[in-house]
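Spelled out, the chains give:
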Amino acid sequence: MKVKEMNKKEQIIKVLDLVHVYKGKVETIALPGINLNINKGERVVVRGKSGIGKSTLLHCLAGILRPTAGKILVEFRNIVDYDEDQLADYRCKTIGLIYQSYNLASFLTVKENIEFPMVLAKTVKEKREKRINELVEMLEIERYLKQKPSYLSGGEQQRVAIAVALANNPPIVLADEPTGNIDSEISTTVYEFLSNMCIAYNTTLVMASHDPEASKYADREVVLAKIKSQEL
Ligand SMILES: Nc1ncnc2c1ncn2[C@@H]1O[C@H](COP(=O)(O)OP(=O)(O)OP(=O)(O)O)[C@@H](O)[C@H]1O
Ligand SMILES: [Mg+2]
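A brief look at the structure comes next. Bear in mind that the values here come from a model prediction, so they are computed numbers and not experimental data.

1. Digging into the nonpolar core
Ile 114, Ile 141, Ile 162, Leu 194 and Met 207 are the most contacted members of the largest nonpolar core, which totals 36 residues. Contributing elements (two or more residues each) for this core: helix H4 (110-120), helix H5 (125-138), helix H6 (154-166), strand S7 (172-176), helix H7 (184-201) and strand S8 (204-208). Apart from residues no more than four positions distant in its own chain, Leu 194 is found in contact with Ile 98, Ile 162, Pro 178, Leu 205 and Met 207. Formed by 32 residues, the second largest nonpolar core is a distinct cluster that contains Leu 57, Val 74, Tyr 82 and Leu 174.

As structure tokens, this is what we get:
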């Protein structure tokens, strides 16, 4: 067996009885008890109707939302037990999150947005510049480097958001509707780009998507539903 095939079989994410309840005037059970295993290098598409909990699941996996109950083992460590410092480190080094709503800093230029995660990771200037050039060329956003995100179209901002998520070359990329606001031609480019990245770097991809086209670039599709103790 080749090294890459061996790596592919290694488990990287194990979700155990994951529950998330949003508490407010109305209580919403967004995740009723999810069980999910994902192997290193696997490309998984998460489906399910609007409001079913796809973004909630990705945000829990990303360590930006603490679940109400359950475990999320990433490389065999339960991130639910992490303190704030450990979570910040985890978000910086292990996860690249492409938000459904871009989440770009409006007061920073495109270049500064892409550079920011690398500054947090203490990457030296020369390496930062190299990575920025690589990413903007691949995503065809070179000409926007000096612009503020608000001057860009939805599809362009989406591609900047992808560059930000991938800046530190994270082993796990979580993509929340990464093509939700772009036309089908650019969507195909984005899927190909993410999929090729997984193959080249053995990156694990978990992508929430409504688009049937997304599944063509995935190894597996999981469908969320409102039932307890779901095995995905
Ligand atoms: N911050 C929040 N406070 C309260 N309820 C929330 C919050 N975020 C999401 N919800 C609720 O939790 C449920 C799951 O929402 P989530 O955004 O995870 O769904 P989704 O599957 O990503 O939907 P979509 O396909 O529309 O993006 C929904 O019922 C939603 O209204
Ligand atoms: Mg969502």
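2. Comments concerning the site of ligand 1
Around ligand 1 lies a shell of 13 residues, among which Ser 50, Gly 51, Lys 54, Ser 55 and Thr 56 are the nearest. The side chain of Ser 50 places a nitrogen or oxygen atom 2.6 Å from an oxygen atom of ligand 1. Thr 56 places a polar side-chain atom, nitrogen or oxygen, 2.5 Å from an oxygen atom of ligand 1. Protein contacts shield 61% of the accessible area of ligand 1, which totals 640 Å² for the unbound molecule. Of all the secondary-structure elements, those providing two or more residues to the shell around ligand 1 are strand S2 (28-39) and helix H2 (54-62).

3. Digging into the coordination of the magnesium ion (ligand 2)
Distances from the magnesium ion (ligand 2) to its protein donors, Ser 55 (OG) and Gln 100 (OE1), fall at 2.0 to 2.3 Å. With Ser 55 in helix H2 and Gln 100 in the loop between strand S6 (95-98) and H4, the pair connects residues that are 45 residues apart, well separated along the chain. A residue is classified by how much of its surface remains accessible, and Gln 100, at 38% relative accessible area, is partly exposed.

4. Here's the deal with the pattern of salt bridges
Close approach of charged atoms allows side chains with opposite charge to pair. One pass over the structure, following the stated rule, counts 12 salt bridges. When the shortest N-O distance is used, the salt bridge between Glu 115 and Lys 125 registers 3.2 Å. Of this pair, Glu 115 sits in helix H4 while Lys 125 sits in helix H5, and the two are 10 residues apart along the sequence. Judged by relative accessible area, Glu 115 falls into the buried class, the value being 10%. Residues joined in a network through salt bridges with shared partners are Lys 111, Glu 115, Lys 125, Arg 128 and Glu 129.

5. Re the sheet that holds strand S10 (residues 230-231)
The strand order S5-S4-S1-S2-S10 describes an open sheet built from five strands, whose pairing is mixed. Only two strands of the sheet have a single neighbouring strand rather than two, namely strand S5 (77-78) and S10. Of the strand pairs in this sheet, strand S1 (residues 11-22) and strand S4 (residues 69-74) are connected by five bridges, and their pairing is antiparallel. In the sheet register, Leu 16 faces S4, and the bridge partner there is Lys 71. Each of S1, S2 and S4 is contacted by H2, which is oriented at about 120° to S1, the strand it contacts most.

6. Focus on the side chain of Arg 47
Turning to its location among the elements, Arg 47 is positioned in strand S3 (residues 43-47). A distance of 3.0 Å separates a polar atom in the side chain of Arg 47 from the backbone oxygen of Asp 211. Polar side-chain contacts of Arg 47 include one of 2.8 Å to the side chain of Glu 221. Ignoring sequence-local partners within four residues, the contact set of Arg 47 consists of Lys 54, Ser 209, His 210, Asp 211, Pro 212, Ser 215, Glu 221, Val 222, Val 223 and Leu 224.

What counts and how
Residues numbered from 1 in each chain as written. Chains lettered and ligands numbered in written order. Predicted model: local features only at pLDDT ≥ 70, side-chain atom pairs only at ≥ 80, totals over all residues. Heavy atoms only, no water. Core = buried A, V, L, I, M, F, W, Y, C linked by side-chain atoms within 4.5 Å. Buried < 20%, exposed > 50% of the residue type's maximum accessible area, 1.4 Å probe, protein only. Helix = DSSP H or I, 4+ residues; strand = E, 2+ residues; numbered from the N terminus. Contact = heavy atoms within 4.5 Å. Near = heavy atom within 4 Å. Polar contact = N/O pair within 3.5 Å; in protein donor to acceptor, adjacent residues only side chain to side chain. Areas by Shrake-Rupley, 256 points an atom, 1.4 Å probe, with all protein chains shown as cover. Donors = N, O, S within 2.8 Å, 3.2 Å for Na, K, Ca; no water. Salt bridge = Lys/Arg side-chain N within 4 Å of Asp/Glu carboxyl O. Pairing = 2+ DSSP bridges. Axes fitted to C-alpha atoms, helices over the stretch in contact; angles between N-to-C directions.

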